[in-house]
Amino acid sequence: MSAMFELDFMRNALLAALFVGLAAPMVGIFLVQRRLSLIGDGLGHVALAGVAIGIATDRAPVLTALVTAALGAVVIELLRARGRTSGDLALAMLFYGGIAAGVVIINRSEGAQTGNLTSFLFGSIATTTRGELVTFAVLSAVIVGVTLVLRPRLFAVAGDEEYARASGLPVLALNILLAVLTAVTVVVAMRVIGLLLISALMIVPNAAAQQLSGSFRAANLWAVVLGVLSSVGGVVVSYQLDTASGGTIVLIAIALFVVAMVVGHVVRLVARRRHLRAERHAHEHGPGCGHEAVPHGDHVDYLHDGHRHAAHEGHYDEHSDHPPPAEGPDQDARHEQEVTR
Amino acid sequence: MSAPAPPVVELRGAAFGYRGRPVVSDVDLTVRRGEVVAVLGPNGSGKTTLVKGLLGLSEHLSGQVEVLGTPLARLPDRTRIGYVPQRHTLVGGVRATVAEVVATGLLARRPWYRPATRADREAVLAAVEAAGLADRARFDVETLSGGQQRRVLIARALVARPDVLLMDEPTAGVDRASQDVLTSVLRRLADAGTTMAIVTHELSALRGVVDRIVEVDTGHVTFDGTPEGYAVHQGALARSSGRTAAR
Ligand SMILES: [Zn+2]
Ligand SMILES: [Zn+2]
Ligand SMILES: [Zn+2]
Ligand SMILES: [Zn+2]
């Protein structure tokens, strides 16, 4: 294990994985929110054309990919803001055109051998250079900083674009910004995860986080934790099993998603078991509703015909001082009466 | 209300529409401070386009539109107009709490680099309470009933203390029991002097809240007056055309 950290390329790969594990879920949550999960995938395709241009012209592929993907992102958002069906087709042209141009240009300059191409598409732990690592660190810091500061605004626009526009937020600018952040994430991830799989690290940890949280804030934290676990864990496993790092990272992320789904399900099941719901409760309690309010821990119970009712999600819970099993059959009958009054 | 209150919204020969084509036109309408106006009309009558025009969501094509004495296009602070849209999902594909959704109503009020202050958080709690959701501020909005979700949107519009609330079908698709709570929330707002324009086709749910009715049909205002006057207008309409007014 420790031998792994002494290898230069492994240190670079692990750091690059850490950066992308942090940054990708923070951008991805807004894509999940906008139900645009595949946009990162499309920008990965576009970035491949940029990589190819870099290889063909002997420039740093990371930089040419960054410029191409960012331009693609701006074009996409402008198309989306403009219209409907023609925009959709234009996106398809851009995405497929990107990957096709990428493959053709790389073939032209490197011949038929596709080792380099494969590592760009599916990730490789051996390819991150020290210079690129610095670039990735700076770009990740920018992504994390911008999403942290603008999180409320990105959340508002992704959640309800029409309302955001009506309240005076710069909707188009924020949407373009999110697309550019997505493009930058794609580039940061292109070495360890690869351009075909990067979208997964933006989406899957967020899908898992949704299973474990009831607020946007908590979902954000969970997604970052799961993202870092997947990316760093994936690089370690890929070193030991000698597999493509991108594929390994994504499989770990999906495994974590399955675990999160099971855990979330069990937690909800236990919670449902442990609490007793006041059935068919048409009245809504509140200050001045006529029922006595009794503070109870972090919330307020209302005395309702001998029952203590507390708001929970869309319904009311029975908050007796005794746990539910203590309720006798006669009390159940009384309960039935009270809730239908 | 003896002396006429100052106008909050004033339209003179206004037309609104999309892509340069008017949907409603020749609208003269004044909403004064403290008034609760119901905007009625069948689907496609232009009532929603009219309200969206005031929000800058449909195009203002001609005529004058003033909000608080300022031409609409030059209104610096859009949160002076609170908007309660008709929505099926509140936050898109993620989870968020009631307080998180309501807090977005304050964003346009502060520069992008400034985080929420303590006063902002208190305003959020106050708005949540005014909408009768104080108990539920930290629950995931997706777990709430349809009526409660509608009140989340009302709280989001209230949080910036707007001068007028524009609501699009607040009672549509809400079950009977939550409709009562919703109506009592609206009544409480009205009693507190909140100016409101409510687009609806269920006048019965707003009985006792509304003090003026504006009817829009085929792109024009066809009635503007009191609820009592509206009943007479409907009766006259039914008699003259020999058909029963269904709406
Ligand atoms: Zn009560
Ligand atoms: Zn309790
Ligand atoms: Zn109760
Ligand atoms: Zn419950």
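For the structure, see preceding data.
So, a few notes on the structure that sits alongside this text. (Residues numbered from 1 in each chain as written. Chains lettered and ligands numbered in written order. Predicted model: local features only at pLDDT ≥ 70, side-chain atom pairs only at ≥ 80, totals over all residues. Heavy atoms only, no water.)

1. Side note on the overall build of chain B
And step 1. Counting secondary structure elements, chain B contains six helices and 10 strands.
And step 2. Computed over C-alpha atoms, the radius of gyration of chain B comes to 18 Å, within 12% of the 18 Å expected from 2.2 N^0.38 for 247 residues, which places it in the range of a compact globule.
And step 3. Its C-alpha atoms give chain B principal-axis dimensions of roughly 55 × 40 × 40 Å.
And step 4. Counting all 247 residues of chain B, 53% fall into the buried class.
And step 5. The long-range share in chain B, meaning contacts at least 24 apart out of those at least 6 apart in sequence, stands at 70%. (Helix = DSSP H or I, 4+ residues; strand = E, 2+ residues; numbered from the N terminus. Rg over C-alpha atoms; globule rule 2.2 N^0.38 Å. Buried < 20%, exposed > 50% of the residue type's maximum accessible area, 1.4 Å probe, protein only. Contact = heavy atoms within 4.5 Å.)

2. Some points on the pairing of strand β3 (residues 36–40) of chain B
Residues and elements named next belong to chain B.
And step 1. Counted residue by residue, β3 has five buried out of five residues, so it is predominantly covered.
And step 2. Burial of β3 is two-sided: the residues Val36, Ala38 and Leu40 facing one way and the residues Val37 and Val39 facing the other way are all buried.
And step 3. Summarising the sheet, β3 and strand β8 (residues 195–199) pair through four bridges and their orientation is parallel. The residue of β8 that forms the bridge with valine 37 is alanine 197.
And step 4. When β3 meets strand β9 (residues 212–217), the two strands line up parallel, connected through four bridges. (Pairing = 2+ DSSP bridges.)

3. Section: the coordination of the zinc ion (ligand 3)
Residues and elements named next belong to chain A.
And step 1. Every protein donor of the zinc ion (ligand 3) is listed here as His281 (NE2), His285 (NE2), His304 (ND1) and His309 (ND1), and their distances to the metal cover 1.9 to 2.2 Å.
And step 2. With four donor atoms in place around the zinc ion (ligand 3) and angles of 98 to 130° between them, the coordination shape is tetrahedral.
And step 3. Along the chain, the residues donating to the zinc ion (ligand 3) are arranged with the sequence spacing H-x3-H-x18-H-x4-H.
And step 4. Taken as a pair, the zinc ion (ligand 3) and the zinc ion (ligand 1) show a spacing of 5.8 Å, with histidine 285 coordinating each metal.
And step 5. For histidine 285, a relative accessible area of 4% puts it in the buried group. (Donors = N, O, S within 2.8 Å, 3.2 Å for Na, K, Ca; no water. Tetrahedral: all angles 85-135°; square planar, octahedral: opposite > 155°, others 65-115°.)

4. Section: the coordination of the zinc ion (ligand 1)
All names here are of chain A.
And step 1. Taken together, the protein donors to the zinc ion (ligand 1) comprise His283 (NE2), His285 (ND1), Cys289 (SG) and His291 (ND1), at separations of 2.0 to 2.3 Å.
And step 2. Here the zinc ion (ligand 1) binds four donor atoms, and the angle range of 103 to 114° at the metal identifies the geometry as tetrahedral.
And step 3. Site description for the zinc ion (ligand 1): donor spacing in sequence, H-x1-H-x3-C-x1-H.

5. A few points about the packing of aromatic side chains
And step 1. Here the structure, examined in full by the defined rule, presents four aromatic pairs over all chains.
And step 2. Members of the aromatic cluster, joined through ring pairs, are Phe30, Phe155 and Phe216 of chain A.
And step 3. The ring of tyrosine 316 of chain A carries the charged tip of arginine 136 of chain B above its face, separated from the ring centre by 4.8 Å.
And step 4. Lying over the aromatic face of tyrosine 163 of chain A, arginine 156 of chain B brings its terminal NZ or CZ to 3.6 Å of the ring centre. (Phe/Tyr/Trp six-rings, centres within 6.5 Å; stacked < 30°, edge-to-face > 60°. Lys NZ or Arg CZ within 6 Å of the ring centre and 35° of its normal.)

6. Remarks on the sheet that holds strand β1 (residues 276–278) of chain A
Residues and elements named next belong to chain A.
And step 1. Taken in spatial order, the five strands make up an open sheet running β1-β5-β4-β3-β2, and their pairing is antiparallel. A single partner strand is all that each edge strand has here, and the edge strands are β1 and β2 (293–296). Neighbour to neighbour, the strand axes of the sheet diverge by 45° on average, direction disregarded.
And step 2. Judged from the three bridges that link them, strand β3 (residues 299–304) and strand β4 (residues 307–312) form a sheet pairing that is antiparallel. When the bridges of β4 are listed, tyrosine 302 appears paired with histidine 309. (Axes fitted to C-alpha atoms, helices over the stretch in contact; angles between N-to-C directions.)

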